[in-house]
Amino acid sequence: ESKGVSLWGKAQDSQRWKIFRLGTSSHNVLMIDGQPQRVEADARIVVARTGRTVVDTSAIYQGQLAKALRGVVLQPDRTVCVQDEFTTLGKATTVRWAMVTHADVKVDGPGRATLSQAGKKLGFRVLEPADAGLKIYQTDPPPSELDARNPGTRMIGFEVQVTAGKTQRLVVQLVPQSVKVAAAVISPLAEW
């Protein structure tokens, strides 16, 4: 606010969404064609069971996707799966999945990385699409008077190109180092 930014504006085109830490680009949400989510929309929980939740995110991607769901499950072996299912509209679409971390990231191959922090490790596995090309994205916005630096952070993620009118599933599994063999049973979110 001291820089003249209206941080409390809630409209779609408010300045607050241009601040890296506040906008879509810095959060673990899908980013569609580089566009922010719809701020006037909400995401409803449609399944809430022990260890698993599904959220209908379709409204926050109105005009970007025809339908979108996100499920998160905590498995008995302490692994976590984040599963997104979405359908594109009538045009080819670029969808980015990413998350910010303080951990050091070592890409181990297509769809595989190891996150290390304070002597602990976490496996990052893209189960669908298995050949996802992982990227490390910058978390420091371009120099400006409005944005602050984000020292010690980085963002790991990937992008998929999806053709018009196609339904796509993305599944990311996070595996603690204590889990030697992680089970992964993928089922449609409609069956959760």
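Everything quoted here is computed from the prediction, not taken from an experiment.

Colleague: I would appreciate a short explanation of the pairing of strand 2 (residues 44-49) in the present structure.
Modeller: Within a regular beta strand, the side chains point alternately toward one face of the sheet and then the other, so they alternate between its two faces. Bridge analysis of strand 2 against strand 3 (residues 52-56) gives five bridges, and the strand direction is antiparallel. If you follow arginine 49 over to strand 3, its bridge partner there is arginine 52.

Colleague: Any chance you could explain the pattern of salt bridges here in plain terms?
Modeller: Taken as a whole and judged by the stated rule, the model has eight salt bridges. For aspartate 84, the salt bridge is made with arginine 70, and the minimal N-O distance between the two is 2.8 Å. In this pair, aspartate 84 is assigned in strand 5 (residues 80-88) and arginine 70 in strand 4 (residues 65-74), connecting sequence segments 14 residues apart. The exposure class of aspartate 84 is buried, given its relative accessible area of 2%.

Colleague: Is there a simple way to explain the sheet that holds strand 11 (residues 154-162) in this structure?
Modeller: Two modes of strand pairing occur in sheets, parallel and antiparallel, and in both the strands are linked by backbone hydrogen bonds. Ordered in space as 1-6-11-10, the four strands form an open sheet in which the pairing is antiparallel. Whereas interior strands pair on both sides, the edge strands pair on one side only; in this sheet they are strand 1 (31-32) and strand 10 (135-137).

Colleague: What is the right way to look at the sheet that holds strand 5 in this model?
Modeller: Across the sheet, eight strands lie side by side as 2-3-4-5-12-9-8-7; this open sheet has antiparallel pairing. The sheet is open, and its two edges are formed by strand 2 and strand 7 (104-109), each paired on a single side. Across the sheet, the axes of successive neighbouring strands diverge by a mean angle of 15°, strand direction being ignored.

Colleague: Explain the nonpolar core to me, please; I cannot follow it from the model alone.
Modeller: Soluble globular proteins tend to pack their nonpolar side chains together in the buried interior. Ranked by internal contacts, the top residues of the largest apolar core, which has 25 residues, are Leu30, Phe86, Trp97, Phe124, Phe158 and Leu170. For this core, the secondary-structure elements that each account for two or more residues are strand 4, strand 5, strand 6 (93-101), strand 8 (112-117), strand 9 (120-128), strand 11 and strand 12 (167-176). The leading source of residues in this core is strand 11, at four residues.

Colleague: Looking at this structure, I do not really get the environment of threonine 87. What am I missing?
Modeller: The topology assignment puts threonine 87 in strand 5. Among the residues examined, threonine 87 registers a relative accessible area of 19% and is labelled buried. Threonine 87 sits 78 residues away from glycine 165 along the chain, and the two C-alpha atoms are 6.2 Å apart. Of note is the side chain of threonine 87, whose polar atom sits 2.8 Å from the side chain of threonine 167.

Calculation criteria
Residues numbered from 1 in each chain as written. Predicted model: local features only at pLDDT ≥ 70, side-chain atom pairs only at ≥ 80, totals over all residues. Heavy atoms only, no water. Pairing = 2+ DSSP bridges. Helix = DSSP H or I, 4+ residues; strand = E, 2+ residues; numbered from the N terminus. Salt bridge = Lys/Arg side-chain N within 4 Å of Asp/Glu carboxyl O. Buried < 20%, exposed > 50% of the residue type's maximum accessible area, 1.4 Å probe, protein only. Axes fitted to C-alpha atoms, helices over the stretch in contact; angles between N-to-C directions. Core = buried A, V, L, I, M, F, W, Y, C linked by side-chain atoms within 4.5 Å. Polar contact = N/O pair within 3.5 Å; in protein donor to acceptor, adjacent residues only side chain to side chain.

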